[in-house]
Amino acid sequence: MHRLISLRSKSNSLKSLFNPLKSPKKYSISAGGSSCFHQNWSLLSSKGCFNWFSSYGLWNNCAKMKNFHKNQDFIRRFSSDAQRESIEYDVVIVGAGPAGLSAAIRLKQLCSEKDVNLSVCVVEKGPEVGAHILSGNVFEPRALDELLPRWKEEEAPVNVPVSSDKFWFLTKDRAFSLPCPFDNKGNYVISLSQLVRWMGMKAEEFGVEIYPGIAASEILYDANDSVVGIGTNDMGIAKDGSKKDTFQRGVELKGRVTLLAEGCRGSLSEKLIKKYKLREKGHAQHQTYALGIKEVWEIDESKHKPGAVLHTLGWPLDQKTYGGSFLYHMKDRQVSIGLVVALDYHNPYLNPYEEFQKFKHHPAIRPLLEGGTAIQYGARTLNEGGIQSIPYPVFPGGAIIGCSAGFLNVPKIKGTHTAMKSGMLAAEAAFGSLREGTSLKSYWETLRSSWIWDELHRARNFRPAFEYGVIPGMAFSSLEHYILKGRFPFTLKHGKPDHEATNAARLHSPIEYPKPDGVLSFDVPTSLHRSNTNHNHDQPAHLRLKDPKIPETMNLPEYAGPESRYCPARVYEYVSDENSQLKLHINAQNCLHCKACDIKDPNQNIEWTVPEGGGGPGYSVM
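These numbers come from a predicted model, not from an experiment.

Novice: Teacher, can you tell me more about unusual backbone geometry here?
Specialist: Peptide bonds are mostly trans, and most non-glycine residues show a negative phi. Cis geometry marks the peptide bond from Gly136 to Asn137, where omega comes out at 10 degrees. Counting through the fold element by element, Asn137 comes out in the loop between strand E7 (120-124) and strand E8 (138-139). In this model, Trp315 is joined to Pro316 through a cis peptide bond whose omega is 10 degrees. Considering the arrangement of structural elements, one finds Pro316 in the loop between strand E19 (308-314) and strand E20 (323-329). A positive phi angle, near 60 degrees, is found at Asn532, a position not held by glycine. Along the chain, Asn532 falls in the loop between helix H13 (524-531) and strand E25 (543-545).

Novice: Quick question: what am I supposed to make of the packing of aromatic side chains here?
Specialist: Each aromatic ring pair is summarised here by two numbers: the centre-to-centre distance and the angle between the ring planes. All chains considered together, the criterion is met by twelve aromatic pairs. Taken together, a centroid distance of 5.2 Å and an interplanar angle of 85 degrees make the contact between Phe476 and Phe488 edge-to-face. Separated by twelve residues along the polypeptide, Phe476 in helix H12 (residues 470-484) and Phe488 in the loop between H12 and H13 bring together distant segments of the chain. The same class applies to Phe476 and to Phe488, which are both buried. Taken together, Tyr322, Phe462 and Phe466 form an aromatic cluster joined through their ring pairs. In this structure, Lys275 is placed above the aromatic ring of Tyr221, and the distance from its NZ or CZ to the ring centre is 4.7 Å.

Novice: Honestly, the environment of Arg435 in this entry has me stumped. Any pointers?
Specialist: Relative to the assigned elements, Arg435 resides in helix H8 (residues 416-436). Judged by its relative accessible area of 45%, Arg435 is partly exposed. Here the alpha-carbon distance between Arg435 and Asn117, two residues 318 residues apart in the chain, equals 9.9 Å. Excluding anything up to four places from it in sequence, Arg435 contacts Val116 and Leu118.

Novice: Just to check I follow, could you spell out helix H1 (residues 98-114) for this structure?
Specialist: Quick reminder: α-helices carry 3.6 residues per turn. Residues three or four places apart thus point the same way. With 17 residues, H1 should reach 24 Å at 1.5 Å per residue; the first-to-last C-alpha distance of 24 Å fits that figure. Asp115 sits one or two residues past H1 and shows a positive phi near 55 degrees.

Novice: How should the nonpolar core be read in this particular structure?
Specialist: In a soluble, globular protein the nonpolar side chains are often hidden away together inside. One finds Ile93, Val158, Trp198, Ile230, Leu259 and Tyr443 to be the most contacted residues of the largest nonpolar core, which totals 86 residues. Looking at this core element by element, the count peaks at ten residues for H8. Other than its neighbours up to four places away in sequence, Val158 contacts Phe139, Leu144, Trp151, Tyr188, Ile190 and Leu195. Core analysis: the second largest hydrophobic core is formed by 67 residues, Leu170, Trp315, Ala569 and Cys594 among them.

Novice: I keep staring at a nonpolar patch on the surface and nothing clicks. Help me out?
Specialist: A contiguous nonpolar surface patch, about 280 Å² in accessible area, is contributed by Leu479, Tyr482 and Ile483. Tracing the sequence through the fold places Ile483 in helix H12.

Novice: Looking at this structure, how should I read the pairing of strand E16 (residues 243-248)?
Specialist: Pairing between strand E15 (residues 235-237) and E16: two bridges, direction antiparallel. The residue of E16 that forms the bridge with Met235 is Gln248. Linking E15 back to E16 in an antiparallel pair, the connection comprises five residues, with Gly241 at a positive phi of about 95 degrees.

Novice: Please explain the pairing of strand E26 (residues 572-576) as it appears in this structure.
Specialist: Looking along a regular strand, one sees side chains alternate from face to face of the sheet. Direction of pairing for E26 relative to strand E27 (residues 582-586): antiparallel, over a ladder of five bridges. Directly across from Ser576, in E27, lies its bridge partner Leu582. In this structure, the hairpin formed by E26 and E27 is closed by a connection of five residues, where Ser580 is found at a positive phi of approximately 65 degrees.

Novice: Can you walk me through the environment of Lys275 in this structure?
Specialist: By the secondary structure assignment, Lys275 is in helix H4 (residues 267-275). Considering only alpha carbons, one finds Lys275 and Phe395, 120 residues apart in sequence, at a separation of 9.6 Å. Discounting residues that sit within four places of it in the chain, Lys275 has contacts with Tyr221 and Asp225. Within polar-contact distance, the side chain of Lys275 engages the side chain of Asp225 at 3.1 Å.

Novice: Looking at this structure, I do not really get the packing of H1 against helix H3 (residues 192-206). What am I missing?
Specialist: Packed helix pairs are specified by the crossing angle of their axes together with the interaxial distance, meaning the distance between the axes. Running from N to C, H1 and H3 cross one another at 20 degrees; their axes reach a closest spacing of 9 Å. What the angle tells us is that H1 and H3 run roughly parallel. Crossing geometry of H1 relative to H3 is assigned as left-handed. Judged by residue contacts, Pro98, Leu101, Ser102, Ile105, Lys108 and Gln109 of H1 engage Leu192, Val196, Met199, Gly200, Lys202, Ala203 and Phe206 from H3. Partitioned by chemical class, the residues of the contact of H1 with H3 number eight nonpolar, three polar and two charged.

Novice: Even after reading the chapter, I still don't get the packing of H1 against H8, so can you show me in this structure?
Specialist: Two elements in contact, H1 and H8, have axes separated by 7 Å at closest approach and are oriented at 40 degrees. Classified by the interaxial angle, the pair formed by H1 and H8 is oblique. Once H1 is placed against H8, the crossing between them reads as right-handed. Residues Pro98, Ala99, Ser102, Ala103, Arg106, Leu107, Leu110, Cys111 and Lys114 of H1 lie in contact with H8, whose contacting residues are Thr416, Ala419, Met420, Ser422, Gly423, Met424, Ala427, Glu428, Ala430, Phe431 and Glu436. Among the residues forming the contact of H1 with H8, the class breakdown is twelve nonpolar, four polar and four charged.

So, how was this worked out
- Residues numbered from 1 in each chain as written.
- Predicted model: local features only at pLDDT ≥ 70, side-chain atom pairs only at ≥ 80, totals over all residues.
- Heavy atoms only, no water.
- Helix = DSSP H or I, 4+ residues; strand = E, 2+ residues; numbered from the N terminus.
- Phe/Tyr/Trp six-rings, centres within 6.5 Å; stacked < 30°, edge-to-face > 60°.
- Buried < 20%, exposed > 50% of the residue type's maximum accessible area, 1.4 Å probe, protein only.
- Lys NZ or Arg CZ within 6 Å of the ring centre and 35° of its normal.
- Contact = heavy atoms within 4.5 Å.
- Expected span 1.5 Å × (residues − 1).
- Core = buried A, V, L, I, M, F, W, Y, C linked by side-chain atoms within 4.5 Å.
- Patch = residues over 30% accessible without salt bridge, like charges linked within 9 Å, V, L, I, M, F, W, Y side chains within 5 Å.
- Areas by Shrake-Rupley, 256 points an atom, 1.4 Å probe, with all protein chains shown as cover.
- Salt bridge = Lys/Arg side-chain N within 4 Å of Asp/Glu carboxyl O.
- Pairing = 2+ DSSP bridges.
- Polar contact = N/O pair within 3.5 Å; in protein donor to acceptor, adjacent residues only side chain to side chain.
- Axes fitted to C-alpha atoms, helices over the stretch in contact; angles between N-to-C directions.
- Parallel < 35°, antiparallel > 145°, perpendicular 65-115°, else oblique.
- Left-handed = near helix turned anticlockwise from the far one by under 90°.
- Nonpolar A, V, L, I, M, F, W, Y, C, P; charged D, E, K, R; others polar.

The following block contains the structure:
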């Protein structure tokens, strides 16, 4: 039961609730004061003092609501459930990444073209727009050309064209040059976190309301089981579950249409995919994933070649594990270097983080980094299932867009342009459903007739070919790429889901990794410091065990505790208790929000949920 509060000075806006404060310098770039860059917010309310505190302690004591937008409508509702406030929008978008921001911008463009007004809100769990964004990234500007054709004149941070493109096969001591399968002519080496910051500014110029530091923790449904928005998590809950003095109920953000753009393995998206059986409806296979681990280095100017691109296969991974490395020369003497490891690997002793540290010591890689400085570290999972794994993306009341659905082109190693395009198509479908009486299902139809579908169809057999090993995969993918041009008459299927691919530890031998030298390779705490990750210690762990006994009774004896190795942030550790028995300890404050644990745990016993808004990594050049 709700009661309506009508205010004369209405804005239908979170701006009456959240007051932007100055962002710390460590995250700042030239932004013209745009609110999407602000990390600190205060909750303001005319009904009392609502105190919100993020994991950084940035939710300050509130003041009374004032300075409403005088010429707009503002509707607030309070539910009987502990006075949970409700705010209504036409469209609510979860996630301020490439897909979410593209959808928001396209919606406002359509409003301008049709001379109508729709309220659009974007919520982002990171402390600021771009803080949780990590990607390679060799950027294909096709979707950006469509969305914002004047991006060059408007100074988008897309200004380092690809100058060379190499592909190597590595053994332990040598690098063999292979014909490059990538066509990166016209593409750019960028920082995706910086690009989405710029897109955030453009979205606000169009009238989109963007609110970072707000974590969407639940889906809201109406009596007909249709999605009507999202709820943000409660703030001020102690680790033991008790309410602190700063406790504040979350807010309901109601939308006539809700678009989920959470990125790979989005927690809300996964719930809706299961609830509405969207994989079955789309005749899709399970999704398959990889973990990307990345550093940004500043190197000697004499070694820096802006726009140079290198990809490798082979060492340090074994012949049964799919993956590879990338090394991209950015601007300002910076290079991004990383290793991508498919999460269907078999050996439970494999440690992706340590494989990456080892990779940097290869004789063909080490000379570039020597004398340089590592300045940032991060990790994130990515979708590799391709067209076979895309679920039906429309649910009652909204749609799933971007990497939450999974539009990565694996042989291109690119997904930003397809994520952006999916957001644009969903925006057009949403606009049609709200203003022209068409069905939101048109998103699925236009998606399948778009260049996204054509591109992913031609690339569909690349990833599953490597199910048979690296060498057979390379042979088949070469045939498919160079001879058949994506026209192989059959569509290959993926193997087991990633969590089922893990073998019992008794089938493998432990891997002894070299100790970090502190120059090219580093221990996890050193890398975590460079990620700027942080969570309030006094909050419930957002990494939840469905059965707390499974780590000690199954994972440890059967798989030798793989969670202590597949996590690139040392969140999971087995430590001895007072009886000298190993027990799993969860260091949730270390979490990089990569989602590897949610994917790779052999028993699917770990559930990743959102922590308090504003927690997690603080990427600036990733």
